[in-house]
Amino acid sequence: MAKKTRRAPGAQKAKDERVKRLSSDERKFLKEFGRLIHDEREAQGLTLYAIEDRGYPSWQHWQKLESGLRDLQLTTLLKISKALKTHPSEILSKLNIKF
């Protein structure tokens, strides 16, 4: 299991507020990304708990990513790719992004 770190009080709420401030297009992107990693996890037969066994720090965080409730950084994309044993470009190429 991954090591758990304690967060400062209010850190969770601050992250929730950041997502609320995103544009509707950005929120749609996060939902699409979440759907994509959810589908990939299930296609590999992985549970949320198995994601932690593959080195992702928190199944709860992963669940929020799948729900589109968390924004992500490039380092998070790298951790997701490692847990799904795929290259980041494979994940990104499946996104339906329109500009």
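Quick summary incoming for the structure in this document. (Residues numbered from 1 in each chain as written. Predicted model: local features only at pLDDT ≥ 70, side-chain atom pairs only at ≥ 80, totals over all residues. Heavy atoms only, no water.)

1. So, unusual backbone geometry
(1) Moving on: A positive phi angle is found at Lys85, which is not glycine, with a value near 55 degrees.
(2) Moving on: The exposure class of Lys85 is exposed, given its relative accessible area of 65%. (Buried < 20%, exposed > 50% of the residue type's maximum accessible area, 1.4 Å probe, protein only.)

2. Description of the environment of Val19
(1) Moving on: Relative to the helices and strands, Val19 resides in helix H1 (residues 11–20).
(2) Moving on: As for Val19 and Leu69, which are separated by 50 residues in sequence, their C-alpha atoms are 6.7 Å apart.
(3) Moving on: Leaving out residues up to four positions away in the same chain, Val19 has contacts with Arg27, Gly68, Leu69, Arg70 and Asp71. (Helix = DSSP H or I, 4+ residues; strand = E, 2+ residues; numbered from the N terminus. Contact = heavy atoms within 4.5 Å.)

3. Brief notes about the packing of aromatic side chains
(1) Moving on: The full count for this structure, using the stated rule, is two aromatic pairs.
(2) Moving on: Centre to centre, the rings of Tyr56 and Trp62 are 5.0 Å apart; their planes meet at 85 degrees, and the pair counts as edge-to-face.
(3) Moving on: For Trp62, a relative accessible area of 0% corresponds to the buried category. (Phe/Tyr/Trp six-rings, centres within 6.5 Å; stacked < 30°, edge-to-face > 60°.)

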